Amino acid sequence: MKRIIMCLVVLSFVAIVGGSAFAQQKTPDVALAQGLVDTVKNGCEKEIKTYCKDVKPGEGRVLACLYAFSDKLSSRCEYALYDAAAQLERAVQALTYVANECGDDLKANCAGIKPGEGRLLQCIDKNEAKVSKRCKQALKDTGLK
């Protein structure tokens, strides 16, 4: 349980680092983050209202609060945290797969592009004619294309 919450705290940090542009765009990372937040928010609604009602959301504070009360969480909340962590793990595995398959394409075609906010995917799209079949297949397999 503690490992799951820590994974989600890391995700919260990643979301914060993305800044305001992160919140405004509907890139795959934003959709994933919002889905994870919704999973925890819905599954742990009772616990958040009971134990964390005075906690200001953001920067992982609500997850830290849930961590502090981990011995009092309902099975539903524990499952929501587990589910969110599993979703995060699948996303990390998918991104690792894409990074491995598209690494050469990114170096060759997108070396000067700053990662984040969907810029690398846009670069790959823009250079589609030059992108390897391996990379195209990985993007298709993961639903990024």
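Residues numbered from 1 in each chain as written. Predicted model: local features only at pLDDT ≥ 70, side-chain atom pairs only at ≥ 80, totals over all residues. Heavy atoms only, no water.

Draft legend 1. Here's a closer look at the side chain of serine 74. Turning to its location among the elements, serine 74 is positioned in the loop between α5 (61-68) and α6 (75-110). A distance of 3.1 Å separates the side chain of serine 74 from the backbone nitrogen of cysteine 77, its partner in a polar contact. For serine 74, the residues in contact, after removing those within four places along its chain, are Lys46 and Glu47. (Helix = DSSP H or I, 4+ residues; strand = E, 2+ residues; numbered from the N terminus. Polar contact = N/O pair within 3.5 Å; in protein donor to acceptor, adjacent residues only side chain to side chain. Contact = heavy atoms within 4.5 Å.)

Draft legend 2. Broad picture of the state of the cysteines. If you walk through the whole model with that rule in mind, you get 4 disulfides. Two residues, cysteine 52 and cysteine 65, share a disulfide whose sulfurs are 2.0 Å apart. Between cysteine 52 and cysteine 65, the S-S torsion sits near -95 degrees, and that sign places the bridge as left-handed. A residue pair is termed long-range when its members are at least 10 positions apart, and cysteine 52 in the loop between α4 (45-51) and α5 and cysteine 65 in helix α5 qualify at 13 residues. Across the pair, exposure class does not vary: cysteine 52 and cysteine 65 are buried alike. The disulfide partner of cysteine 110 is cysteine 123, and the S-S distance across this bridge is 2.0 Å. Taking the sign of the S-S torsion, about -100 degrees here, the bridge from cysteine 110 to cysteine 123 comes out left-handed. (Disulfide = S-S within 2.5 Å. Buried < 20%, exposed > 50% of the residue type's maximum accessible area, 1.4 Å probe, protein only.)

Draft legend 3. Layout of the environment of glutamate 47. Tracing the sequence through the fold places glutamate 47 in helix α4. Given the relative accessible area of 1%, glutamate 47 is considered buried. Taking C-alpha positions, glutamate 47 is 7.8 Å from serine 74, a pair spaced 27 residues apart along the chain.

Draft legend 4. Local environment of the packing of aromatic side chains. For the coordinates displayed, the defined rule picks out 2 aromatic pairs. Ring centres of tyrosine 79 and tyrosine 82 lie 6.5 Å apart, and the angle between their planes is 40 degrees; on these two criteria the pair is classed as tilted. On the criterion of helical spacing, the pair formed by tyrosine 79 and tyrosine 82 is a turn pair, its members being 3 residues apart in helix α6. (Phe/Tyr/Trp six-rings, centres within 6.5 Å; stacked < 30°, edge-to-face > 60°.)

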